[in-house]
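# Examining the three-dimensional arrangement
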Amino acid sequence: MRVQEIQGSFGIENLRLAQRPAPQPGRGEVLVEVRANSLNYRDLMTVLGRYNPNQRLPLIPLSDGAGEVRAVGDGVTRVKTGDRVAGIFAQQWLGGTPGLEVRTSTLGGPLDGMLAEQVVLHEDGVVKVPEHLSDEQAATLPCAAVTAWHALMENDRLMPGQTVLVQGTGGVSMFALQFAKAAGARVIITSSSDDKLARARDLGADETPRRCPTTGIPRIGKSRFWILPTASALITS
């Protein structure tokens, strides 16, 4: 099967098309035909060698992808052949506080990622894709969207009427904007780009102060905010 892998050393010039043997699912595993991928900043940093310069190569990059289950191994009960699924970013983080085993089970480094025609994942490492989402839409969710959701809804229980300050217009920030609006919150989002702020308003942002391109400081009044770890968002009552 065809894969894209980082070969020899880091750098975009070393991301190359290659052939690997077609994988077969073992007990508890599923074979997924990948139909769509999404890009995160982490993926670029991994290819450039700036995310983990000690990463072993060759490596198939990309943390996010979605597709169809083509075969299942013995004992698989959560999904079946023909189901549409997305891989989860941290394959061994199924709940609770992440430990060392979680940090070593992430797709696209240190584990091979989703930039391949087919991948084998544990059945616990995939989630079913709702019918109303396309493969492309589902492929954007595992890393950025789950990060935003975890920050807003798990680390801090966002309530209707609260105000969320989202910094910038990257993937995590845009998902945070949409989740916060769906939860009934007021959302302020900052950027130095008028075009990006216009897009944020289209997605429901209540206030869009333009960040100073020199200092990076937006004008947001005198409200007090507190930081939500892991996502570029602040919340206030």
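Every chain begins its residue count from 1, and numbering advances along the sequence as written. The predicted nature of this model means local features are confined to residues of pLDDT at least 70 and side-chain atom pairs, given and counted, to a pLDDT of 80 or more, with totals for whole chains, interfaces and linings taken over all residues. Excluding hydrogens and water, the side-chain values take into account all heavy atoms of the structure.

Turning our eyes to something else, we now look at the environment of G11. Looking at the element boundaries, G11 is found in the loop between β1 (2–6) and β2 (15–19). Judged by its relative accessible area of 7%, G11 is buried. Separated by 33 residues in the primary sequence, G11 and L44 place their C-alpha atoms 9.3 Å from one another. Under the scheme used here, helices are H or I runs from DSSP no shorter than 4 residues and strands are E runs no shorter than 2 residues, and both carry numbers assigned from the N terminus. The buried label goes to any residue with under 20% of its type's maximum accessible area, the exposed label to any with over 50%, and the partly exposed label to all in between, with areas taken from a 1.4 Å probe on protein chains only.

Below, the discussion takes up the pattern of salt bridges. It is possible for side chains of opposite charge to pair when their charged atoms get near one another. Note on definitions: salt bridges are taken to be side-chain nitrogens of Lys or Arg within 4 Å of carboxyl oxygens of Asp or Glu. Scanning all chains against the criterion turns up 14 salt bridges. In this structure, R35 engages E33 in a salt bridge whose closest nitrogen and oxygen atoms are separated by 3.8 Å. For R35, a relative accessible area of 39% translates into the label partly exposed. Here E33 falls in the partly exposed class, since its relative accessible area comes to 26%. A salt bridge links R84 to D135; the nearest nitrogen and oxygen atoms lie 3.1 Å apart. With a gap of 51 residues between them, R84 in strand β5 (residues 84–87) and D135 in helix α3 (residues 135–138) connect regions that are remote in the sequence. Owing to a relative accessible area of 23%, R84 belongs among the partly exposed residues under this scheme. Three or more residues are tied together by salt bridges with common partners; here these are E33, R35, E68 and R70.

As a per-residue measure, pLDDT tells how confident the predictor is, with possible values from 0 to 100. When pLDDT is averaged across the protein, the result is 90; 89% of the residues are at 70 or more. Taken together, the stretch residues 222–233 has pLDDT below 50 and engages in 37 contacts with residues farther than four places along the chain or on a different chain. We call two residues contacting when some pair of their heavy atoms lies within 4.5 Å.

Turning our attention to a nonpolar patch on the surface. Nonpolar side chains collect at one region of the surface, where I12, Y41 and L44 lie side by side and expose about 330 Å² of accessible area between them. Along the chain, the position of I12 falls in the loop between β1 and β2. Patches here: salt-bridge-free residues with over 30% relative accessible area, like charges joined within 9 Å, nonpolar side chains (Val, Leu, Ile, Met, Phe, Trp, Tyr) joined within 5 Å. Per-residue and other accessible areas follow the Shrake-Rupley method at a 1.4 Å probe size, with only the shown protein chains counted as cover for residues.

What follows deals with the side chain of N40. Considering the arrangement of structural elements, one finds N40 in the loop between β3 (29–38) and α1 (41–48). Given the relative accessible area of 15%, N40 is considered buried. Polar contacts here mean pairs of N or O atoms no more than 3.5 Å apart (in protein, one a potential hydrogen donor and the other a potential acceptor; neighbouring residues in sequence count only if both atoms are side-chain atoms). Here S63 takes part through its side chain, which lies 3.3 Å from a polar atom of the side chain of N40. Within the structure, N40 has its side chain in polar contact with the side chain of D64 (distance 3.1 Å). Ignoring anything within four residues of it in the chain, the contact list for N40 reads S63, D64, C143 and A144.

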